[in-house]
Each structure stands twice: as structure tokens, then as C-alpha cells.
Amino acid sequence: MKPFEFFRATDTDAVMLSRLIKRTIRTSNSKDYDQQSIDLLCAIFEPERIVERIRNELIFLCFLGADLVGTVGLKRDYLRSLFVDPNYQKQGFGKMLVENMEGIARKNAISEIMLHSSLTAQNFYAALGYEYLEFQLHDEGPFILMRKGLSESPC
Ligand SMILES: CC(C)(COP(=O)(O)OP(=O)(O)OC[C@H]1O[C@@H](n2cnc3c(N)ncnc32)[C@H](O)[C@@H]1OP(=O)(O)O)[C@@H](O)C(=O)NCCC(=O)NCCS
């Protein structure tokens with residue numbers, strides 16, 4: 001895999017992050033969600049709402065050179081906002097972002113991770129060991145509640 005770098009997001013990253021996430025939603029999630037859902041999802045990721053998240057949770061950015069390739073967030077035991085730029089998908093970045101957050105969670109004595117997966121990402125998370133808990137219908141559309149225990153060693 002090509003060399004990449006992780007940074008913790010700060011307020012000044014909100015505009016760049018918003019662009020990446022909205023582009024990914026419109027490109028990658030539109031095969032599984034209708035236009036109304038896509039618009040509602042994009043509204044969640046306007047820069048001012050991302051600034052709130054940056055201040056209230058742990059959000060990482062992954063760069064390849066100058067390119068922002070992906071992002072993931074963790075709020076207590078809840079993994080959220082995983083997005084990989086469509087041009088960089090299927091190259092291992094999503095897996096690496098999730099495993100990086102799992103490592104941070106373990107160091108913070110978090111014993112399980114919960115998340116709401118998009119329909120798009122359900123099989124991706126299942127391949128990483130997340131188990132299906134429940135189908136949920138939200139205003140923004142259908143999501144799958146999933147969990148993974150972190151008690152076992154990752155190796
Ligand atoms: C889901 C997402 C983050 C995956 O990122 P990615 O960088 O393409 O994933 P990776 O390349 O790390 O894939 C890791 C493994 O999962 C598999 N995988 C990736 N996407 C998959 C999918 N949609 N369905 C099934 N398997 C998938 C890969 O083949 C790979 O398997 P391998 O390790 O055996 O080769 C990315 O597709 C994305 O941003 N999707 C749109 C946004 C989204 O729905 N995010 C989740 C919000 S909850």
C-alpha cells in the first residue's frame with residue numbers, strides 16, 4: 001500500500017472534509033439511497049455541522065501526499081462518518097481507517113464498537129468482523145446497526 005499519513009481534524013479542515021464527504025455520498029451511496037435521502041445525508045455534513053463534530057469527537061483524516069483520501073470518527077464507543085474518496089476506494093484505505101480507530105478504542109479500554117452502517121457499507125463492515133444487530137429506518141433512510149467486540153487481541 002502507498003505511504004499515507006493520519007492527522008486529527010481541526011476546525012480549519014471542515015470545508016475540505018465536507019467536500020470529500022458530500023462527493024462520496026453523491027457518488028457511492030446513490031446506488032442504495034434515493035435522492036431525498038442523499039440530500040438529507042449531505043445536509044448533515046455541511047462545514048458548520050462538521051466543525052461541531054470536530055470539537056466533540058475524534059475525527060481523523062488520511063492523506064496520500066496532498067490528497068485527502070478518507071476520514072473516520074469515533075465518539076466514545078461509536079464509530080461514525082467513515083468515507084473514502086471514490087477515486088481511492090478498494091485500495092485498503094477504509095479497512096485501515098477502521099483498524100486505526102479500533103486500535104485507539106482498545107488503548108482507551110473500549111471493549112466494543114457500535115456503528116450505523118449504510119446499506120452500501122454493510123458487507124464491508126461484515127468483512128471486518130462487525131455483526132448485524134438491527135435494521136433501522138431513519139429520516140435519512142435505512143441503516144444497519146452493527147457491533148464488534150474488541151476484547152480479543154487483533155493479532
Ligand atoms: C465503505 C467504504 C468506506 C469502504 O472503503 P474502501 O477503502 O473502498 O474499502 P477497502 O478497500 O479498505 O476494503 C476492505 C475490504 O472490504 C471489501 N469491501 C470494500 N467495500 C465493500 C463493499 N461495498 N462490499 C463488500 N466488500 C467491500 C474490500 O474488497 C476489501 O476486502 P479484502 O480485504 O478482502 O480485499 C467506501 O466504499 C465508502 O466510502 N463508501 C461510501 C460511504 C459509506 O457508505 N460509508 C459508510 C458510512 S456508515
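From a predicted model like this one, the values you see are computed outputs, not experimental measurements.

**Student:** I tried to follow a nonpolar patch on the surface on my own but got confused; where do I start?
**Tutor:** On the surface, a nonpolar cluster with roughly 430 Å² of combined accessible area is contributed by Leu-119, Tyr-132, Phe-135 and Leu-137. Position of Leu-137 among the secondary structure elements: in strand β6 (residues 131-138). A residue is classified by how much of its surface remains accessible, and Leu-137, at 67% relative accessible area, is exposed.

**Student:** How should I be thinking about the packing of helix α1 (residues 14-29) against helix α3 (residues 47-56) in this particular structure?
**Tutor:** When two helices pack together, their arrangement is given by the angle between their axes and by how far apart the axes lie. Where α1 meets α3, the closest approach of the two axes is 9 Å, and the angle between their N-to-C directions is 110°. Regarding the angle of α1 to α3, the classification is roughly perpendicular. Helix-helix and strand crossings are classified by hand; for α1 and α3 the assignment is right-handed. Across from Ala-14, Val-15, Leu-17, Ser-18 and Ile-21 in α1, the residues of α3 making contact are Pro-47, Ile-50, Val-51 and Ile-54.

**Student:** I tried to follow empty space enclosed by the protein on my own but got confused; where do I start?
**Tutor:** Picture a little ball the size of a water molecule; that probe, rolled over the atoms, points out where space is still empty. Overall, the coordinates contain one cavity of 30 Å³ or more when judged by the stated rule. If you add up the space inside the largest cavity, you get close to 50 Å³. Forming the boundary of the largest cavity are Leu-17, Ile-21, Phe-45, Ile-50, Arg-53, Ile-59, Thr-71 and Ser-81. When residues of the lining of the largest cavity are traced back to their parent elements, those giving at least two are α1 and α3.

Criteria and cut-off values
- Residues numbered from 1 in each chain as written.
- Predicted model: local features only at pLDDT ≥ 70, side-chain atom pairs only at ≥ 80, totals over all residues.
- Heavy atoms only, no water.
- Patch = residues over 30% accessible without salt bridge, like charges linked within 9 Å, V, L, I, M, F, W, Y side chains within 5 Å.
- Areas by Shrake-Rupley, 256 points an atom, 1.4 Å probe, with all protein chains shown as cover.
- Salt bridge = Lys/Arg side-chain N within 4 Å of Asp/Glu carboxyl O.
- Helix = DSSP H or I, 4+ residues; strand = E, 2+ residues; numbered from the N terminus.
- Buried < 20%, exposed > 50% of the residue type's maximum accessible area, 1.4 Å probe, protein only.
- Axes fitted to C-alpha atoms, helices over the stretch in contact; angles between N-to-C directions.
- Parallel < 35°, antiparallel > 145°, perpendicular 65-115°, else oblique.
- Left-handed = near helix turned anticlockwise from the far one by under 90°.
- Contact = heavy atoms within 4.5 Å.
- 1 Å grid on protein atoms, 1.4 Å probe; cavity = no way out; pocket = protein on both sides within 12 Å on 5 of 7 lines; lining within 4 Å.
- Points joined across faces, edges and corners; volume = space filled by probe spheres on them.

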